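Summary of structural features
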Amino acid sequence: MGEAAVRQAFLTQRDFCTAMDAPVTARVCEALAGALDRTTATGRRVLGWVGQPIDDALPLRLVGGLNAMRLSGDAEAQAAFAAETSPSQTIAALRAVLARHDAAILPWLDGPPQTNEVGRSAALMLGLMAVSRSLGHPIELLEIGSSAGLNLLIDRFGFDLGGVRVGPQDLPIVIAPDWRGPSPEPAQPSFASIRGVDVAPIDATDPAQATRLRSYVWAEKPERLAKLDAAIAMLRKRPVALEVGDAADWVEAQLARPQAAGTTRVLMHSVVWQYLGTERQARIAAAMQGAGSRADAAHPLAWVRMEPDRDLARHEIWVETWPGEGARRIGFAHAHGAWVEVSDPIHPAPRAPRD
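Because the structure is predicted, anything quoted here is derived from the model rather than measured.

Re the overall build of the protein
Scanning the protein from N- to C-terminus turns up twelve helices and twelve strands. At 20 Å, the protein has a C-alpha radius of gyration in line with the 20 Å of a compact globule built from 355 residues. Counting only residues that meet the buried cut, the protein has 55% of its 355 residues in that class. Taking the contacts inside the protein whose residues are at least 6 apart along the sequence as the reference set, 70% of them involve residues at least 24 apart. As displayed, the protein offers around 14000 Å² of accessible surface, 54% of which is attributable to carbon and sulfur atoms. Within the protein, the 41 negative side-chain charges are centred at a point lying 1 Å from the centre of the 36 positive side-chain charges.

As structure tokens, then:
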């Protein structure tokens, strides 16, 4: 990528943030397109980026590092993220932060954001409800790209999905997105087991790692931060089953394990597919197809995913079942779960989700 393409990526991210009702983060992304220069190691690495800056979430890597400075109390960083700051003031403040905290911000470029947004579980639960209605049985849930494992708490969250209550309602988190379209048909999924994997899992019970997760929450969204903090507190009380590993290796191994009769095995993920690369994507899709060909009424299989469609600037919710009628797009969702929209449930799709 050339420097012009990298700067354009920050403007593209600005547009994504605007579409997702995050005007402050959008303004910071726009300012970074002009503020970045080669006087800092961070600026040189960003402007010389060798990958695909949008696919690599490069703007959000840098925004996360800058937001960490804001949360630490840095005055210039707080000014950069202040709603009333002018564009020129934002650029000046960002340059000051990058100069002063160059060494601290640079490592934030090493990997993609691990947002692990709790609100996304509403879209995932919508998919799991569809699986329960279609296949029945307690669910053996397998999640890839689990990050800190916060969405592995899905059986401990309460939900209000268009007026339909799901899960326990007496816990710290009840997730109630803005609902668009008809309410879902009621269903109460039950879980035989819940496990996840991540190539670099975050221990959210570690204060430093919790701070990292908090830094990825956009500055103008305190309600997201409150849900994150509540979920971390739940993890501290009772951890989840989260492993370290490669997503494709893990999926192949899990699908090769014997499946107990009377359980539904479900692969679940959200906003991870783009980070896997085409080789891992193909392996996972092939493993699911192979396992699906062996599935039967006593040993059914399902695939629930929430992944972005950048052309639409929103995320699609897909469900695929074996035995079943193929893949169905059942709705759309805001990237962080602020809203969920139910769509016509009969939409044929390719077997592998979109990049």
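Some points on unusual backbone geometry
Cis geometry is adopted by the peptide bond preceding P323, which originates at W322 and carries an omega value of -10°. In this model, H137 sits at a positive phi of 70°, which is unusual for a non-glycine residue. Located in the positive-phi region is S147, a residue other than glycine, with phi close to 55°. Relative to the assigned elements, S147 resides in the loop between strand 1 (139-144) and strand 2 (158-161). The exposure class assigned to S147 is buried, which follows from its relative accessible area of 4%.

Side note on the pairing of strand 6 (residues 191-198)
Of the pairings in the sheet, the one linking strand 1 to strand 6 comprises six bridges and is parallel in character. Bridge pairing in strand 6 places E143 opposite G196. As defined by bridge partners, strand 6 adjoins strand 7 (residues 241-244) across four bridges and the pair is classed as parallel. Counted as the bridge partner of G196 is L242 from strand 7.

Quick notes on helix 9 (residues 207-215)
Every buried residue of helix 9 is listed here: A210, L213 and S215. Where helix 9 is buried, its residues touch helix 4 (58-71) and helix 10 (222-237). A distance of 2.8 Å separates the backbone nitrogen of A208 from a side-chain oxygen at the start of helix 9, and that oxygen is part of D206.

So, the nonpolar core
By size, the foremost hydrophobic cluster in this structure holds 50 residues, and its most contacted members are L128, L150 and F159. Broken down by element, the residue count for this core peaks at ten residues, all from helix 8 (residues 121-135). Core analysis: the second largest hydrophobic core is formed by 40 residues, F16, I105, L109 and A335 among them.

Some words on the packing of aromatic side chains
The full count for this structure, using the stated rule, is three aromatic pairs. Consider the rings of F157 and F159, whose centres lie 6.4 Å apart with planes at 65°: the pair is edge-to-face. For F159, a relative accessible area of 0% gives the class buried. Here R70 stacks its cationic end above the ring of F81, 5.9 Å away from the centre of that ring. Over the ring of W339 we find R180; its NZ or CZ atom is 4.2 Å from the centre of that ring.

Examining the side chain of H315
Tracing the chain through its elements places H315 in strand 10 (residues 314-322). Setting aside residues no more than four positions away along its own chain, H315 makes contact with V271, M306, E307, P308, D309, G331, F332, A333, H334 and A335.

Brief notes about the environment of A282
One can find A282 in helix 12 (residues 273-294). Counting along the chain gives 34 residues from A282 to A248, while the straight-line C-alpha distance between them is 8.9 Å.

Cut-off values and rules
Residues numbered from 1 in each chain as written. Predicted model: local features only at pLDDT ≥ 70, side-chain atom pairs only at ≥ 80, totals over all residues. Heavy atoms only, no water. Helix = DSSP H or I, 4+ residues; strand = E, 2+ residues; numbered from the N terminus. Rg over C-alpha atoms; globule rule 2.2 N^0.38 Å. Buried < 20%, exposed > 50% of the residue type's maximum accessible area, 1.4 Å probe, protein only. Contact = heavy atoms within 4.5 Å. Areas by Shrake-Rupley, 256 points an atom, 1.4 Å probe, with all protein chains shown as cover. Lys, Arg positive; Asp, Glu negative; His and termini not counted. Charge placed at Lys NZ, Arg CZ, Asp CG, Glu CD. Pairing = 2+ DSSP bridges. Polar contact = N/O pair within 3.5 Å; in protein donor to acceptor, adjacent residues only side chain to side chain. Core = buried A, V, L, I, M, F, W, Y, C linked by side-chain atoms within 4.5 Å. Phe/Tyr/Trp six-rings, centres within 6.5 Å; stacked < 30°, edge-to-face > 60°. Lys NZ or Arg CZ within 6 Å of the ring centre and 35° of its normal.

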